[in-house]
Amino acid sequence: MQTPAQPLKKKVILSFSIIIILILCSGALGWEITQQIETTDKTTETVHLFKEAELQLRREEKNLLIRGYSVERFHRWQKAKEDFYQRLGELIGMKALNDDEINELKSSNSAMSDTYKEFFDDIKSGKLTETKSALYDYEFKKIGQRSLDLIDGILAREQAVSIKMDSRADLLIIVFLAVFVGTTSFLVINVLRNL
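Owing to the predicted nature of the structure, the values given are computational and were not obtained by experimental measurement.

**Brief notes about the overall build of the protein chain**
For step 1, the next point in the chain: Along its length, the protein chain carries four helices and zero strands.
For step 2, the next point in the chain: Listing each helix as α and each strand as β along the protein chain from the N terminus yields α-α-α-α.
For step 3, the next point in the chain: The C-alpha radius of gyration of the protein chain comes to 30 Å, more than 25% above the 16 Å expected for a compact globule of 195 residues.
For step 4, the next point in the chain: Seen through its C-alpha atoms, the protein chain measures out along the principal axes to roughly 105 × 25 × 20 Å.
For step 5, the next point in the chain: When the 195 residues of the protein chain are sorted by exposure, 32% land in the buried category.
For step 6, the next point in the chain: Considering only intrachain contacts with a sequence separation of at least 6, the fraction spanning at least 24 residues in the protein chain is 81%.
For step 7, the next point in the chain: If you average the places of the 27 positive and of the 28 negative side-chain charges in the protein chain, the two averages end up 5 Å apart.

In structure tokens, the structure reads:
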């Protein structure tokens, strides 16, 4: 024969078990979502740095075109180019780019390298006329714009992922809060009823 305290004891144990399971699940899911958000934020930050490196490279190209060749300008251009390739390597290492994007950037970089080689050959040989300078400027702009369009696409994708992660986190919080409040209410009501 069961005493009145036994059903209450079972309900209390069941309620606390549900609460503990909820806490464990929310911790595990919260950690997973936090990791995904951190990865997305880091990728977005790196893409922004990559875009800055692209724009700085373009500025240094313009300086060489407008002001002419000097060792100091050449070294600034080289530094900007190294930063650009470093950021590209970081994005590839983070697996933030898909194969099409990597191929597009490699194609763009290959065209950029060929154009740079011709540009510096013309500068060193003194064959850089105003017309050629305008052509190089157009080529640098076209190549840079392809990269910037690709970067903007990556940023848009990462922002969409970030918004999705935020909405998942909000939904998770609401669901766990509702179940937690419901379980706690059930526990309190049964304890008060059996007092």
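**Overview of the pattern of salt bridges**
Where side chains of opposite charge bring their charged atoms close, a pairing between them can arise.
For step 1, the next point in the chain: Applying the stated criterion across every chain yields a total of 14 salt bridges.
For step 2, the next point in the chain: Across the pair Asp137 and Arg58 runs a salt bridge, and its minimum N-O distance is 2.7 Å. Here the residue Asp137 occupies a position in helix α4 (residues 130-193), and Arg58 occupies one in helix α1 (residues 5-67), the gap between them amounting to 79 residues. Across this residue pair, the class does not change: Asp137 and Arg58 are buried.
For step 3, the next point in the chain: Each member of the salt-bridge network shares a partner with another, and the members are Arg58, Glu61, Lys62 and Asp137.

**Structural notes on the confidence of the model for the protein chain**
For step 1, the next point in the chain: When pLDDT is averaged along the protein chain, the result is 82; 97% of the residues meet or exceed 70.
For step 2, the next point in the chain: For the protein chain, helix α3 (residues 99-125) is the element with the lowest average pLDDT, namely 81, and helix α2 (residues 71-93) is the one with the highest, namely 87.

Criteria and cut-off values
Residues numbered from 1 in each chain as written. Predicted model: local features only at pLDDT ≥ 70, side-chain atom pairs only at ≥ 80, totals over all residues. Heavy atoms only, no water. Helix = DSSP H or I, 4+ residues; strand = E, 2+ residues; numbered from the N terminus. Rg over C-alpha atoms; globule rule 2.2 N^0.38 Å. Buried < 20%, exposed > 50% of the residue type's maximum accessible area, 1.4 Å probe, protein only. Contact = heavy atoms within 4.5 Å. Lys, Arg positive; Asp, Glu negative; His and termini not counted. Charge placed at Lys NZ, Arg CZ, Asp CG, Glu CD. Salt bridge = Lys/Arg side-chain N within 4 Å of Asp/Glu carboxyl O. pLDDT = per-residue confidence, 0-100.

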